[in-house]
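The residues making up each chain are set out below.
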Amino acid sequence: MSSTVHTSTIDQLKAAPMRILMCAPHHYEVDYVINPWMEGNIHRSSRDRALEQWTQLYQVLQKYAQVDLVEPQPGWPDMVFTANAGLILGDTVVLSRFFHPERRGEEQYFHKWFADQGYTVHLLPNSLPFEGAGDALMDRAGGWLWAGYGFRSELDSHPYLAEWLDVEVLSLRLVDRRFYHLDTCFCPLTDGYLLYYPPAFDTYSNRLIELRVPPEKRIAISEADAVNFACNTVNIDRIVVMNKVSEGLNQVLADRGFTVVETPLTEFLKAGGAAKCLTLKVIEPHRESPQLSTIQTKIIHLEGHLLDSGLVNRVLDTIVTGGGSFQVVSFNLGNQRQDTSLAEVKVSAPDAAVMAEIMAQLIDLGAIDAAETVPASLAPVTQTGVAADDFYATTIYPTEVLVGNQWVKVQDQRMDGAIAVTQTSAGIIARCKLLRDLQIGESVVTGSEGIRTKRKIPTLKKNTEEFSFMGAGVSSERRVELVVEKIAWDLRQIRDRGGKVVVTAGPVVIHTGGSKHLNQLIREGYVQALLGGNAIAVHDIEQSLMGTSLGVDMQRGVSVHGGHRHHLKAINTIRRCGSIAQAVEQGVLTSGVMYECVKNHVPFSLAGSIRDDGPLPDTKMDLIAAQADYARLIAGADLILMLSSMLHSIGVGNMTPAGVKMVCIDINPAVVTKLSDRGSIESIGVVTDVGLFLSLLVQQLNKLTGQYQR
Ligand code: ARG
């Protein structure tokens, strides 16, 4: 044999023959489907051919190893796959806990065999699946254990392996259902080579593999070889035994000193296994290595309308797609519809960096780290308007930070800010600030420790009924009328109790003939502030002065001769007067949305942009000033009605804390979806023509007024 041997332990073990455990296929069958290979193959395997193929493998292996047999048992057709019996290191075994009930019955027989052989057998907790050497493979040079999770084995089983087997465990996440066990896509070879199929792993796992195995030792195989189970190889020294190999891979292996022995195992492929699955190495060198597991776990708490809002799903998805795994420790559903539920979830991650990334996202979803006692880290602002690199970016949700041992509520909550912390004589103050507003002398919160957000928004005013009737759904035309009814009711309630409604509007309101309805809303006290750009005001004023909007006659819907200049004339007229308010005062502007605002003392703010003509004297071209002005008018709003303006609606969404109802009307579903992303109970999107929406809304309000008067 030609291999170079690195360690004395391996030397000793090589002196003893390699021992392998197999199980004859007398009861083998595809009887159920627990992996994609079995789909369509129920009772489609031939027991005779299976026996023939198995015997051939058995004979090949006998040339290089001592092969032991465990008695097959009727009713347990997958028992042939002894790789899944357990994981052996030295004289210790961790017995498998099968994920699928279909295989759980095998456990007792394997347990007995191990015990009879004198191994120390460790049993995992009942609820913790782990499928033995199918999901855990010793590196042949590094002395650590590669362990898979994602389909059959739970990440949480890995720390047990580390402890019981006294070995460093590197966790790899499987992401392709076809390669559901680690040994279907990953095979450490003699001398630290690695045969593997990289797409079967997530990015993080691939990075980990690349960190541990140098490029010249990595043999990445093609999909064609992978689906022939080329990674499901029995490696003894320089021999690799597998079902089938392509010419290319055969050459690559030969160049590295490996001899491939092909032995067809097609009958077993129908159950999702091949050479390696049919064997278990019962002698594994156990090298002294510090017992290391980098796996981290944390318990998080979630509270709110967890099911209705889809929050549990999002939390669990976030954990899994982030590379972690979870166990729901407890879930208390409220008894009644309005009750909130409370869940306790155990989150595990392969190491601290992955845990930190997952936790950062979970905290934004409102999860509370049950054991959070680590204060938030703070970094001083050293340059005006600039935060430390990993500053925590804020959300719209109420947030608290742990400073020292005190949870401090963050003020001025908004999205995409930093949390500035200052010590004052009155105590610690934490405040959401835009980056540009940061001052030297303040500190910003960095990382994600010591931060908690609340997804459960307290209802602002006691008599406001919840806004959840349609969830965050984007409604179709058919549902528009229902939504309108609800919004009308809300507007009415807010007005009657002296609340605040802010409208953001785009010029489409004017083009679609919505202005007369918006005028009525303003006149009747349903609007407390109007936000928009230069365009809405220009087109509104053009319509009022000349009867056209962008040169189109609003009565007849046709272009007017010379109409393209109308909006410039409108701007010019207002500029002459000095401002919109002055134009109203001077009797020049006598109708329209802007006129109604002035007449009814409804404050408005117009934010400029690069494409503005004019602009009107009222338009703020200094955008920082415009943002500040918007923020001032939004403060204390109960409801924001967003009428067909992507720019201003999204801008407003960003500066508004959670808990403010938002109704977004736009013909473009993308805008509506973007705003309903705030999720849950507080935003409603309606995809429809804004003119139509406003006319229905006014009609509905009139009806309500009728009812009140009756
Ligand atoms: N039908 C068996 C299962 O799905 C196949 C096991 C293959 N074993 C392996 N080590 N990959 O569990």
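No experiment lies behind these values; they were computed from the predicted model shown. (Residues numbered from 1 in each chain as written. Predicted model: local features only at pLDDT ≥ 70, side-chain atom pairs only at ≥ 80, totals over all residues. Heavy atoms only, no water.)

**Some details on the overall build of the protein chain**
When helices and strands are tallied, the protein chain shows 22 helices and 35 strands. Whereas a compact globule of 710 residues would reach a radius of gyration of roughly 27 Å, the protein chain reaches 34 Å, over 25% beyond that. Considered along the principal axes of its C-alpha atoms, the protein chain spans approximately 105 × 60 × 55 Å. The 710 residues of the protein chain split such that 54% are buried. Expressed as a percentage of contacts within the protein chain between residues at least 6 apart in sequence, the contacts between residues at least 24 apart total 69%. (Helix = DSSP H or I, 4+ residues; strand = E, 2+ residues; numbered from the N terminus. Rg over C-alpha atoms; globule rule 2.2 N^0.38 Å. Buried < 20%, exposed > 50% of the residue type's maximum accessible area, 1.4 Å probe, protein only. Contact = heavy atoms within 4.5 Å.)

**Considering the environment of P350**
Assignment of secondary structure puts P350 in the loop between β18 (341-349) and α11 (352-364). Given the relative accessible area of 3%, P350 is considered buried. A sequence separation of 192 residues divides P350 from H158, and the C-alpha atoms of the two residues are 9.1 Å apart. Here P350 is in contact with Y149, L155, S171, Y204, T294, I295 and G323, once residues within four sequence places are set aside.

**So, the packing of aromatic side chains**
What characterises a pair of aromatic rings is the spacing of the ring centres plus the angle enclosed by the ring planes. Within the structure shown, the criterion is met by 14 aromatic pairs. Aromatic side chains Y160 and W164 sit 5.1 Å apart centroid to centroid with 50 degrees between the ring planes, which places their arrangement in the tilted category. Here W164 and Y160 lie together in helix α5 (residues 158-165), a separation of 4 residues that amounts to about one turn. Of the residues examined, Y160 reaches a relative accessible area of 30% and is grouped as partly exposed. (Phe/Tyr/Trp six-rings, centres within 6.5 Å; stacked < 30°, edge-to-face > 60°.)

**A word on the site of the ligand**
As a matter of local geometry, the ligand sits amid 17 residues, with N35, R103, R152, D183 and C277 nearest to it. The separation between a nitrogen atom of the ligand and a polar side-chain atom of N84 is 2.9 Å. Contact between the ligand and D183: a nitrogen atom at 2.7 Å from a side-chain N or O atom of the residue. Protein burial of the ligand: of its 350 Å² of free accessible surface, 100% is covered by the chains. (Near = heavy atom within 4 Å. Polar contact = N/O pair within 3.5 Å; in protein donor to acceptor, adjacent residues only side chain to side chain. Areas by Shrake-Rupley, 256 points an atom, 1.4 Å probe, with all protein chains shown as cover.)

**Points about the state of the cysteines**
Going through the model one piece at a time under the given rule, you end up with 0 disulfides. Not part of a disulfide, C664 finds its nearest cysteine sulfur in C597, a span of 20 Å. (Disulfide = S-S within 2.5 Å.)

**Points about the nonpolar core**
Among the nonpolar cores identified, the biggest contains 69 residues, and F186, L195, F201 and L253 are the most heavily contacted of them. Looking at which element gives the most residues to this core, the answer is helix α2 (residues 47-64), with 6 residues. Discounting residues that sit within four places of it in the chain, F201 has contacts with L172, R173, L174, V175, L182, C185, F186, Y196, N206 and I209. Core analysis: the second largest hydrophobic core is formed by 53 residues, V480, L589, V690 and L701 among them. (Core = buried A, V, L, I, M, F, W, Y, C linked by side-chain atoms within 4.5 Å.)

**Some thoughts on the pattern of salt bridges**
Under the counting rule described, the total for this entry stands at 28 salt bridges. Linking D176 and R178 is a salt bridge whose minimum nitrogen-to-oxygen distance equals 2.7 Å. A relative accessible area of 25% means that R178 is categorised as partly exposed. Among the salt bridges present, the one from D191 reaches R238, with a minimum N-O distance of 2.4 Å. You can see D191 sitting in the loop between β9 (186-189) and β10 (193-196) and its partner R238 sitting in the loop between β12 (234-236) and β13 (239-242), a full 47 residues away along the chain. D191 sits in the buried class, given a relative accessible area of 11%. Each member of the salt-bridge network shares a partner with another, and the members are R49, E267 and K270. (Salt bridge = Lys/Arg side-chain N within 4 Å of Asp/Glu carboxyl O.)

Note that every value here comes from positions in space, so none of it alone points to a role or purpose.
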